[in-house]
Every structure is written in C-alpha cells, then in structure tokens.
Amino acid sequence: MTDRRRRPIVVAVGALLTVGALATSFPFVWMVTSSLKPPSEALAVPPTLLPRSPSLDAYARLFTELDFGRYLVNTIVVVLIGGVGLLAMAMAGYGFAKYRFRGRGVLFLLVLMTLMIPVQVTMIPTYLILNELHLTNTLVGVAAPTLVSAFGIFLFRQFMATIPDELLEAARLDGAGELRTFWRIVLPLSKPILAVQAVLTFIAGWNSFLWPLIIATDQDKYTLAVGLSLLNQQITVNPTLQMAGSSLMVVPIIVVFVCFQRYIVQGFTMSGLK
Amino acid sequence: MTHDGGAGGSRLGGTAVLVGARDDAPMSDRSRRSARRRAPGSAPARGPGRRRASVVPYAFIAPALILLTMFGLLPILVAAGVSLTDLDIGGLGNPETIRFIGLANYERLFADPEFWQALRTTGFFVVVGVPVIIAVSLAIAVALNTSQSRFFRALRAFYFLPAITAIVAVALIWGYLYNSQFGLLNQLLAQVGLGPVGWLSDPTTARLSVALVAVWRATGLNTIIFLAALQSVPKEYHEAAALDGAGRWTTFWRVTFPLLRFALFFVTVTTLIGWLQFFDEPYVLTRGGPVGATTSMSLFIFQKGFSLNQFGYASAGSLVLFAIIAVVTAIQLRMRSTDD
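Computed from a predicted structure; not experimentally measured.

Caption draft 1: Inspection of the overall build of chain B at higher detail. Secondary structure assignment for chain B yields 15 helices and zero strands. Sorting the 340 residues of chain B into buried and exposed places 43% on the buried side. Contacts spanning at least 24 positions in sequence make up 67% of the contacts within chain B whose residues lie at least 6 apart.

As structure tokens, then:
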C-alpha cells in the first residue's frame, strides 16, 4: 500500500465526503441565510439561496417583540446549574474509583441500572416528585432531572482510576485533607475528562427541551428551546423569524463544538469504545 | 432520536456500561466478599482509602446518588405504583380521590387499538431505521478513516453537527424545508416539473420524512464511535494483510470488520433502543399525525400522560415499553455472550 497507489482513492473518497458533508450541513446553511431574508423573500418562488438584501430585523424582533432575552437568560441559568451536576459526577467518579468501601459494587451497579430506564417511564413520576418538592415551574426543577447522568459518573470513574495512588498518598502525607486532595490534586489531573463532560453538559443543558416543556408552565421560566417551539406553532406566518430563533440556538453550540471537537472525539476513545 | 441533547450521551453510555457491568459485577462481588471476611467496620487493607475510609467515600458519592435515586430509581417504582391507579389531573390536587384499580389499566391498554397501532409504527421505525443508520454511519466512518489529513479531520465536524443540534431547531429547519407550499424541497421538485409532495401530510411519506430526519441526527454520533474503533485497529494488521497479497476489499471484510465487532454490537444495541424510544422527531414535526401514522410508543405514552392527563394509563404504557426494551436488550446481550 504505497502512498502513490492510494492517492487517487483518497482524492475520490475526499470528494465524495465533501459532497456528503455539504448535504448534511445544508439545512444549517439554509437556516442562516433564510434568517437574514425579509419575510417576503423567505416565501418567494423560486427561492433564493443568498438573501438579496440581508438584514438582522428578525433577530431584533426576537428580543423586542418576543421575550427571547429572558429565555436566553433562563437557558444560561439552567446551563450553570448543570455545573453543580458536573461536580457531583466528578465526586462520585472519584469515590468509586479511589476508595474501597462496603456496598461499593452494589451501589455502582445501581448507578448503571439507571441507564436502562427510558425517559418515558420517568417522565410522569419525575413530574409528580418535583410537584411534591414544589419545584415545578422553577429553573432548579427544570435542571434537576438531568443534573447527574450515570454515563458521566462512569466516564469520571474510568478516568480517575488511572490517577496513581502514590500521588494521593503523598498529598495525604503532606497533611492535605480528603476534600483538599480531591480539589487540588484529582480535579487538576482530570482536566481532559472534565473538558469532555463540561462540553456535553453545556450542550445537554442548552438543548434540553422535554423537561423545560413539562416543568416550566409560566412564560417567564421558559428556556430558548421552549420559546422556540412556540414559534413552531406559527409555521405559515414567518419562516424568517423561526430561522433566526433556530440560528440563535444552534450557532453557539456549533461554536462550542468546533472549539472542543478534539476533546469530544477523545472522550469517546477514552471511554474504551473499541 | 433522543429527547434532548443530553440523552444521546447518556443513552449511548447506557449500553456501554451495561456491557461493562457484566464484566464488573464478579469483580465487585469478590471485593465485597473479601470485605466481609474482615472484622466489621474495618476498611480493606488495599488502596488509598485505607485510613478514614468510614464516611469519606460515602460523602463523595452521596450527592450524585441522591439525585440518581430521586430521578432514576424512585420514578420506576412510582410509575409501577401509579400504573395500578386511576390517577389523573384531579388526583394530583386531591390525593384522596385516587383509586386503586389493579391491572385495569393494562387490560385497557391491550384492548386499545391505538396502542397496537403505536406498537406497529414503532416496529416499522425499528425495521427500517436500524439497518439504515448502521450502514450509513459505518460507510461514512470507513470513508473518513481513509486519510488522516487535516482536511479529512475537518470533514468529521460536518457529519457530527446534526447530532448536537437542539431538536426544536431541527423541527423548525426541517419543517421549513418540508413545507408543502413554500418549502425548498417542493420548490426544487417543481423546477423539474414534479410534485408537490405532501412530505408531512401523506401518512406513508410522513413516516419516511420523519425517519429521514432521525437518521440525519443519529448518524454523526455512531460515525464517531465507528471511527474511534477503526482508529484502534493496529496498522501492522493491514500491513500484514497487504504482504499476504490481500486486496483492500478482502482486508476490510477479513481483518478490519471482525475487529469492529464490539463497536457494531454497541451501535446496534443503542440504535435499537433509540428507535424503540423514538419520540423527538415525530413529536416536533407531526405531533404523531397524520391520522396517527407517526405516533410511536413513546409519543402514545406522552399524549395519554401529558395531553390527556391520564397518568395511570400512561404509566402502564411506559412500563410495557420498558419491559420491551429490557427484553430486547437482554436478548442482544445473550446473543453476544454466546457469540464470544
């Protein structure tokens, strides 16, 4: 398999993949260009690919006529609450990776079992539980059900198991407490997995739709996703506005993803998916 | 196919861990047994947790475990209990009015033609969707793996984008493309003198349109999993095969493909579960219509539970779905263990 013999094949595959990539991402291109068109042009026959007179009017309307400013703030709050879950998962991963204690096996199995439960089963009971706790229609209630995922705990455990025990022992000999050891030694060493989990947590919180839809009943608790779904009920009215709203949701995620792409692919390799 | 961005990851992990759990269980059993042999209260001698092992580890795992119990394990029990009652919106405010009705919800469920239609619809999505997603994502992964150049690595991101896009945005974008009057697809068809096609209004077409969006969204994640597996195949294997005079095609099927067994198994299990739980795309694109053609099991449960507020009835449906998923997953795990 010399490079010379491979060359034509690589070029052909590359060309095919480029066509596929363009087709896959075309809906996004269409979304962004349509969001910049005036409403009449978005409905024009035949359609135009690039807007003839691009404007940001639709984006302005999202924030002035509609309440997208508040939705944006709510979404950011939900994402930030997700950070608490991130810390809880890291702690649990550390606990399972680096301590031996009674019931460890059973408890870890319990964690893994939660992965088999489909969301449709938990939907109604979770609503009832949050209702009992008076957390319905609060942003904490919106974030709570997805705060911790067994998958996250599993990934943290896998990673932290590779931290040498000697390092932890050395810290303890130096008089560091358990919490301090975790904070000063374990977390800094776990940066790669923290990065993966932080990105996944951000994406999940930003995109989450079902729980906000069920839990948030007042408009002022809506997240971007729920606000956007309200626009969906007006499909014939204004595609420009809808595409502007979609762009507002999708573009930040794309930016985050492109910045951290390397870590995400690594994360899947690290989790031992071979 | 997931209900939101995060579930993709967690469901994905679901089976990875499922598989891992089988390997893990004997080990943890052993460690528990060895712990029991020592005097009660004393920590095992190995590991850094030797000193002060009493409460520290429990304190570390407690926050996460409490949350998981509250939103994972407890709900299953609640659902089982609720499925035996006639709980509805009135019962929420007035717990005294809730009646225990035994298995009546299940009897009603099995006599409900809507339930059977939802089951058949889900079956259709599984049969069509699983092979398509596996074939497409494997093909893309193999293609992406032909070269390690910067260009090829940049292309990966394009295929992954749909997987991280919010479902609501997906619905709006595709709803606009599919729109029968001014949607781009029908406009393009009109240019060549075809159509208009009722992408989301004709029952059969709507199923395929909805499935297409699901395939578009699910391919990226599976492609990455296959890609990670492909990259872990040692180069020497390919060189050895080439030295033996094996062609590219033979090398792939005889050397690479067998090494992808675990990834393939993993993707099959998660994709199958994903289609069994199929919810997002029909919910946002068609609300299960037209005439129930795209109402999957999950959507059926959601409609009964949250649109009609029949929590008891919907809980019964959700437990049946859970049972189906558990059985299908168990069968696949069994098949894998006999396979090895």
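Having seen it, we continue.
Caption draft 2: Broad picture of the overall build of chain A. Each helix and strand in chain A was counted, giving 14 helices and zero strands. Listing every helix and strand of chain A by position from the N terminus yields α-α-α-α-α-α-α-α-α-α-α-α-α-α. Relative to the globule expectation of 19 Å for 274 residues, the C-alpha radius of gyration of chain A, 23 Å, shows a markedly less compact shape. Here chain A holds 274 residues, and 47% of them are scored as buried. Residue pairs at least 24 apart in sequence account for 76% of intrachain contacts in chain A once pairs closer than 6 positions are excluded.

Caption draft 3: Representation of the environment of Val10(A) in the model. Relative to the helices and strands, Val10(A) is located in helix H1 (residues 3-35). Setting aside its immediate chain neighbours within four residues, Val10(A) contacts Thr146(B) and Ser147(B).

Caption draft 4: Representation of the interface of chain A and chain B in the model. Residue-level contacts link 102 residues of chain A with 107 residues of chain B. For the side of chain A that touches chain B, the element with the highest residue contribution is H1(A), accounting for 15 residues. Along the lines of polarity and charge, the residues of the side of chain A that touches chain B split into 71 nonpolar, 23 polar and eight charged.

Caption draft 5: Structural context of helix H5 (residues 104-113) of chain A. The set of residues buried in H5(A) consists of Arg104(A), Gly105(A), Phe108(A), Val111(A) and Leu112(A). Along H5(A), the residues classed as buried sweep out an arc of 120° about the axis, all on the same side.

Caption draft 6: Structural detail: the confidence of the model for chain B. Residues and elements named next belong to chain B. This prediction gives chain B a mean pLDDT of 77; 84% of its residues lie at or above 70. Of all helices and strands in chain B, the one with the weakest mean pLDDT is helix H1 (residues 5-37) (37), whereas helix H5 (residues 113-144) scores best (92). Taken as a whole, residues 1-52 scores under 50 in pLDDT and shows 108 contacts with residues more than four places along the chain or in a different chain. The ipTM for the predicted assembly is 0.82, set against a pTM of 0.75.

Caption draft 7: The arrangement of the packing of H5(B) against helix H9 (residues 203-231) of chain B in detail. Residues and elements named next belong to chain B. Remark: H5 packs on H9, axes separated minimally by 7 Å, with the N-to-C direction vectors making an angle of 40°. By the criterion of interaxial angle, the relationship of H5 to H9 is oblique. In this structure, H5 crosses over H9, and the sense of that crossing is right-handed. Split into classes, the residues belonging to the contact of H5 with H9 amount to 18 nonpolar, five polar and one charged.

Caption draft 8: Examining the confidence of the model for chain A more closely. Of all residues in chain A, 91% have pLDDT values of 70 or greater, and the mean over the chain is 83. Least confident of the elements in chain A is helix H2 (residues 39-42) of chain A, whose mean pLDDT is 74; most confident is helix H4 (residues 68-98) of chain A, at 92.

Caption draft 9: Representation of unusual backbone geometry. Phi at His134(A) is positive, roughly 60°, even though this residue is not glycine. When you line up the elements, His134(A) lands in the loop between helix H6 (119-132) and helix H7 (139-143). Under the C-beta neighbour-count criterion, His134(A) is labelled exposed, with 9 such atoms within 10 Å. With a phi angle near 40°, Val291(B) is a residue other than glycine that sits in the positive phi range. Within the secondary structure, Val291(B) is located in the loop between helix H13 (280-285) and helix H14 (297-307). Val291(B) sits in the exposed class, given 10 other C-beta atoms within 10 Å.

What counts and how
- Residues numbered from 1 in each chain as written.
- Chains lettered and ligands numbered in written order.
- Predicted model: local features only at pLDDT ≥ 70, side-chain atom pairs only at ≥ 80, totals over all residues.
- Helix = DSSP H or I, 4+ residues; strand = E, 2+ residues; numbered from the N terminus.
- Buried ≥ 20, exposed ≤ 12 C-beta atoms within 10 Å, placed from the backbone.
- Contact = placed C-beta atoms within 7 Å.
- Rg over C-alpha atoms; globule rule 2.2 N^0.38 Å.
- Nonpolar A, V, L, I, M, F, W, Y, C, P; charged D, E, K, R; others polar.
- Arc of directions from axis to C-beta.
- pLDDT = per-residue confidence, 0-100.
- Axes fitted to C-alpha atoms, helices over the stretch in contact; angles between N-to-C directions.
- Parallel < 35°, antiparallel > 145°, perpendicular 65-115°, else oblique.
- Left-handed = near helix turned anticlockwise from the far one by under 90°.

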